[in-house]
2 protein chains.
Amino acid sequence: MKLAILGAGTVGRSVADLAGEYGHEVVALADSTNAVIDADGIDVDSALQRKIGDEPIGISDPEDAFETEYDVLVEATPTTLDDAEPAFSHVKRALEADRHAVLANKGPVAERYEELQTLATDSAGSVRFEAAVGGAIPVLSTIEDCSPETVTAVRGILNGTANFILTRMAAEGLDYEHVLAEAQDLGVAETDPTFDVDGTDVALKLVILANVLADGGFTLEDAAVEGIQSIPGSALDLAAEDGRTIRLIGEATRDGIRVGPRLVPENGPLAVTGTRNIVQIETRNAGSLHSSGRGAGGPETATAVLSDVGRLPQR
Amino acid sequence: MKLAILGAGTVGRSVADLAGEYGHEVVALADSTNAVIDADGIDVDSALQRKIGDEPIGISDPEDAFETEYDVLVEATPTTLDDAEPAFSHVKRALEADRHAVLANKGPVAERYEELQTLATDSAGSVRFEAAVGGAIPVLSTIEDCSPETVTAVRGILNGTANFILTRMAAEGLDYEHVLAEAQDLGVAETDPTFDVDGTDVALKLVILANVLADGGFTLEDAAVEGIQSIPGSALDLAAEDGRTIRLIGEATRDGIRVGPRLVPENGPLAVTGTRNIVQIETRNAGSLHSSGRGAGGPETATAVLSDVGRLPQR
């Protein structure tokens, strides 16, 4: 398939980089100011070199990406909340032009789910968003395959930054501020880590999951959210004395979304360590399915995008 | 889709039982001697009642199932080795009639993989076999979605009977024969548990995985297999002193298949307990994906069959 990729950050660049390996062609790659476009397939390596070298990625306007003969619009611009713009409009244009849209961007799916589904229903194109939840872990495709109606709850650890911080606090007996600084040095936490540590990132992913289970009805405002910034090191020591530790757990059912720190058994399935994520899918007929893996990262998230591309029907 | 189900054991009955929930119709259900057939959909509850009550499941010949207007043949007869008959011929007939075939039966996929693929290539129908590996755990669909070429190895615990026995031996300090008898009483081990405890069942599943990774080339004869029957209780005590336990682990790569008891960290991901299974998929771009869940059981395996049905293309 021919891919038009909007967003040349970590994820967009990785999708461009790996597309050929999965048999697809990149006809456009755009950041917020420029785009490189070639109907016969762009020279991905040169484009990535320019971007990393801080040169303009191309000589075209990002708008021109929509004029190419792309099959799939890959939306990998930074996630925005509330009106989820400009991502929502990008996806709308693609679907109204009867093209497919594959999102790594959480905004449209968390905040304007029903509108998105209506656009998809009226389009010859489809919308998929595996990459918006759980990085490389196949969460949404698993739910889709076992039929959302048979899923009763989805629970898990869905933010690697928060999990890394809690893992280190427990392992070293250090306090939150100290470990956050360490995480930022390592590139595991961003300069502004707010959404990762206050639970918003997890909440967005769970809102998406609740929307899938209930076929819409939820936005970020519906989530009860508590983060990890106020956890003292002593809380983890106390937990350890009882054979437990603390993890930032999110849970989504058809009734709602809750995110917050929870005590979990130290050696149980929910005590994944470091930046790893885990998702538990509770089903009516097949018990509990657990999937763990890398929840974030360029190549990891790109594999989820390309997995979605592979599951698109012919238009 | 209209399903013709061959095999009315635990799996066949569960597929018939759950088909309606997934929006499908059962037009034929056959055991080795009889069949119940109705082009408008059989009365599943009555058929299951007759089977469980030891009455003939229907008044038709199993052969007649092939004469119905089915879309998907579900092959759920007991797994046989070597020529994998009669399952192979069943699947051949379906594909040659341009129908789909979904297998819970491991035989054709482990022992005659290339012949099966050739039949599928020449057919308007497709062949899928998620239910042959790992019960409810989506192993093959995950590999398919992330692209088999990017998968370097698949490893895991794929037999619940063996895993239950080892879990109990470690937990209670009991010996193998004792725990086997307990497992048989509980219905976790069969009257003839050979394939479960000697590693053959795991080996078959790994042969299937190796065939998927390498696009054919393997049969059961290629697997180096060791079971759990000779493990003394003392071996588990010794392992525990070192913070480890013993699990029956199988591994498949493009180079071959190995099955045998291995020492694993007591609290590591590979130390799943009881009848639970776990699969680790090693990928080139996305690190390691772990999936655990119920590896066997009627409803569990049926969900894998029905997930496959949902992923079939239109003929």
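Given the structure is predicted, the values throughout are model-derived calculations rather than measurements. (Residues numbered from 1 in each chain as written. Chains lettered and ligands numbered in written order. Predicted model: local features only at pLDDT ≥ 70, side-chain atom pairs only at ≥ 80, totals over all residues. Heavy atoms only, no water.)

1. Looking at the overall build of chain A
Summing up its helical and strand segments, chain A has 12 helices and 12 strands in all. Principal-axis analysis of the C-alpha atoms places the extent of chain A at approximately 60 × 45 × 35 Å. Across the 315 residues that make up chain A, the buried fraction comes to 61%. Intrachain contacts of chain A at a sequence separation of at least 6 include 67% that bridge at least 24 residues. Accessible area for chain A stands at about 12,400 Å²; split by element, carbon and sulfur atoms hold 46% of it. Placing the 23 positive and 53 negative side-chain charges of chain A at their respective mean positions leaves the two points 5 Å apart. (Helix = DSSP H or I, 4+ residues; strand = E, 2+ residues; numbered from the N terminus. Buried < 20%, exposed > 50% of the residue type's maximum accessible area, 1.4 Å probe, protein only. Contact = heavy atoms within 4.5 Å. Areas by Shrake-Rupley, 256 points an atom, 1.4 Å probe, with all protein chains shown as cover. Lys, Arg positive; Asp, Glu negative; His and termini not counted. Charge placed at Lys NZ, Arg CZ, Asp CG, Glu CD.)

2. Some words on the relation of the copies chain B and chain A
When chain B is brought onto chain A, the operation consists of a screw motion whose angular component is 180° and whose axial shift is 0.0 Å, with 0.0 Å RMSD remaining. Taken together, the rotation angle and the small translation identify this as a two-fold axis. Distance from the rotation axis, computed per C-alpha, reaches its smallest value in chain B at Ser291 of chain B: 2.2 Å. Taken together, the interface assignments show that 100% of the residues at the interface of chain B recur at the interface of chain A, consistent with an identical surface on both copies. (Least-squares fit on C-alpha atoms with pLDDT ≥ 70 in both.)

3. Things to note about unusual backbone geometry
All names here are of chain A. A cis amide bond links Glu85 to the next residue, Pro86, at an omega of 5°. As for its position among the elements, Pro86 is in the loop between strand E4 (72–75) and helix H3 (87–96). You will see that Asp82, though not glycine, has its phi angle at about 60°, which is positive. Along the chain, Asp82 falls in the loop between E4 and H3. Exposure remark for Asp82: the relative accessible area of 60% places this residue in the exposed category.

4. Concerning the domain arrangement of chain A
In many analyses, interface size is given as the accessible surface area lost on bringing the parts together. All names here are of chain A. Taken domain by domain, chain A consists of domain 1 (2–135 + 298–311) and domain 2 (141–294). Computed over C-alpha atoms only, the centres of domain 1 and domain 2 are separated by 27 Å. Tallying the contact residues gives 17 residues for domain 1 and 21 residues for domain 2. Of the roughly 1,700 Å² buried at the junction of domain 1 and domain 2 (both faces included), carbon and sulfur atoms supply 59%. The interface formed by domain 1 and domain 2 includes five salt bridges. For Asp145, the salt bridge is made with Arg311, and the minimal N-O distance between the two is 2.7 Å. At the surface where domain 1 touches domain 2, the tally comes to nine residue pairs in polar contact (both at pLDDT 80 or more). (Domains from an automatic or database assignment. Buried area = accessible area lost by both parts, 1.4 Å probe. Salt bridge = Lys/Arg side-chain N within 4 Å of Asp/Glu carboxyl O. Polar contact = N/O pair within 3.5 Å; in protein donor to acceptor, adjacent residues only side chain to side chain.)

5. Some remarks on the sheet that holds strand E6 (residues 127–128) of chain B
All names here are of chain B. If you trace the six strands from one edge of the open sheet to the other, you get E3-E2-E1-E4-E5-E6, paired in mixed fashion. Strands at the two margins of the open sheet, each flanked by one partner only, are strand E3 (35–37) and E6. Sheet topology note: the strand E5 (residues 100–103)/E6 ladder contains two bridges and is parallel. Bridge pairing links Val102 to Arg128 in E6. Of the strands in this sheet, strand E1 (2–6), strand E4 (72–75) and E5 touch helix H3 (residues 87–96), which is tilted by about 175° from E4. (Pairing = 2+ DSSP bridges. Axes fitted to C-alpha atoms, helices over the stretch in contact; angles between N-to-C directions.)

6. Describing the interface of chain B and chain A
On the side of chain A, 30 residues touch chain B, which itself brings 30 residues to the contact. The contact between chain B and chain A buries some 2,300 Å² in all, and 46% of this surface belongs to carbon and sulfur atoms. At the surface where chain B touches chain A, the tally comes to four salt bridges. Joining chain B to chain A, the criterion identifies 13 residue pairs in polar contact (both at pLDDT 80 or more).

7. Quick look at a negative patch on the surface
A contiguous patch of negative charge, built from Asp82, Asp83, Glu221 and Asp222 of chain A, is present on the exposed surface. Within the secondary structure, Asp222 of chain A sits in the loop between helix H10 (200–214) and strand E8 (223–225). (Patch = residues over 30% accessible without salt bridge, like charges linked within 9 Å, V, L, I, M, F, W, Y side chains within 5 Å.)

8. Some words on the pairing of strand E10 (residues 256–265) of chain B
Residue and element names in this part refer to chain B. In this structure, strand E8 (residues 223–225) lies alongside E10, joined through three bridges in parallel fashion. Within E10, the position partnered with Val225 by the bridge is Val259. The pairing of strand E9 (residues 244–253) with E10 spans 10 bridges and is classified as antiparallel. Residue Ile249 lies in a different strand from E10, and its bridge partner there is Gly260. The turn linking E9 back onto E10 is made up of two residues.

9. Considering the packing of helix H7 (residues 160–172) of chain A against helix H8 (residues 176–186) of chain A
All names here are of chain A. Orientation of H7 relative to H8, taken along the N-to-C sense of each, is 125°, at an axis distance of 9 Å. When the interaxial angle is binned, H7 and H8 end up oblique. As H7 packs across H8, the resulting crossing turns out to be right-handed. Across the interface between the two elements, Phe164, Ile165, Arg168 and Met169 from H7 touch Tyr176, Val179, Leu180, Glu182, Ala183 and Leu186 from H8. (Parallel < 35°, antiparallel > 145°, perpendicular 65-115°, else oblique. Left-handed = near helix turned anticlockwise from the far one by under 90°.)

10. Digging into the sheet that holds E4 of chain A
Residue and element names in this part refer to chain A. The strand order across the open sheet formed by six strands is E3-E2-E1-E4-E5-E6, and the pairing between neighbours is mixed. With one partner strand each, in any of the chains shown, strand E3 (35–37) and strand E6 (127–128) form the two edges of the open sheet. Set on the sheet, helix H1 (residues 10–19) makes contact with strand E1 (2–6), strand E2 (25–30) and E4; between it and E1 the angle comes to about 160°.

11. Describing the environment of Val91 of chain B
Residue and element names in this part refer to chain B. Residue placement: Val91 occurs in helix H3. In this structure Val91 comes out as buried when scored by relative accessible area, which is 0%. A C-alpha to C-alpha distance of 37 Å links Val91 and Pro269, two positions 178 residues apart in sequence. Once residues within four sequence positions are removed from consideration, Val91 is found in contact with Leu73, Glu75, Ala101, Leu103 and Leu116.

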